[in-house]
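Descriptive analysis of the structure
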Amino acid sequence: MRRKIILLFLLISTLAACSMDKNEVKDSPLYEGRDLTIGVVGKIPDVRERNIVFKNIDLNDIRKGNLSSKYDAIFIMKEHLIEAARAPYAKIYKNYGIPFFFIESKKSHVPFIEAEIEYEAFPDTDSGEYASGYYHLSNDTEKSWGYGLYNDTVNEVNILDVFSRIFMTIKTIDQ
């Protein structure tokens, strides 16, 4: 009887491990480019990379001046999204000269760059994005990105993968 219980436990453990693996991205490459310095409005994220330097900033720092000489990108974390989408910031995102990434926004980059759109009123996208990015290169050129989680599953492995992909995007902007 004891042997059957042990075998049953092993079988359940194996099945549980297999089912969890289906919801985690496999072979997620690390960003291995040059060192990046990223300003973060909110809590600094945990990442796998060692060549990323995060520095806490606040929205007033963005309003005050040119941070593009200090940072390769700005991350705005979930707890600051509503405030960051207020009208005065839209012009800043369009004229700053570095990319902005809105982490855990379900609304894409649009409510951040359009002054007349309120964040709360803008509909959630059905894209499954975990983060979106926006970079205004010139009057005629802008880029935006969306980063989804593997199988739309929120877990540490998938979130770490999103950040690695964002770092790779930042590297391509620099080239």
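Residues numbered from 1 in each chain as written. Predicted model: local features only at pLDDT ≥ 70, side-chain atom pairs only at ≥ 80, totals over all residues. Heavy atoms only, no water.

A few words now on the overall build of the chain. Scanning the chain for helices and strands turns up 6 helices and 6 strands. Taken across its 175 residues, the chain has 41% of its residues classed as buried. Looking at the chain alone, contacts between residues at least 24 apart form 58% of all its contacts between residues at least 6 apart. Taken as a whole, the chain presents about 10400 Å² of accessible surface, with 52% of it coming from carbon and sulfur. (Helix = DSSP H or I, 4+ residues; strand = E, 2+ residues; numbered from the N terminus. Buried < 20%, exposed > 50% of the residue type's maximum accessible area, 1.4 Å probe, protein only. Contact = heavy atoms within 4.5 Å. Areas by Shrake-Rupley, 256 points an atom, 1.4 Å probe, with all protein chains shown as cover.)

A few words now on the confidence of the model for the chain. As a note on interpretation, predicted positions should not be read in detail where pLDDT is low. A residue-level look at the chain finds 87% of positions with pLDDT of 70 or above and a mean pLDDT of 86. Low confidence marks residues 7-11, where pLDDT is under 50. Its contacts with residues over four positions away, or in another chain, come to 0 contacts. (pLDDT = per-residue confidence, 0-100.)

A separate point is the side chain of Ser108. Structurally, the position occupied by Ser108 is in the loop between strand 4 (100-103) and helix 5 (110-113). If sequence neighbours within four positions are ignored, Ser108 has contacts with Phe122, Thr125, Glu129 and Ser132.

For the structure on display, the rule yields 4 salt bridges. Lys78 is paired through a salt bridge with Glu104; the nearest N and O atoms lie 3.9 Å apart. Of this pair, Lys78 sits in the loop between strand 3 (73-76) and helix 3 (81-84) while Glu104 sits in the loop between strand 4 and helix 5, placing them 26 residues apart in sequence. Residue Glu104 is classed as partly exposed on the basis of its relative accessible area of 31%. (Salt bridge = Lys/Arg side-chain N within 4 Å of Asp/Glu carboxyl O.)

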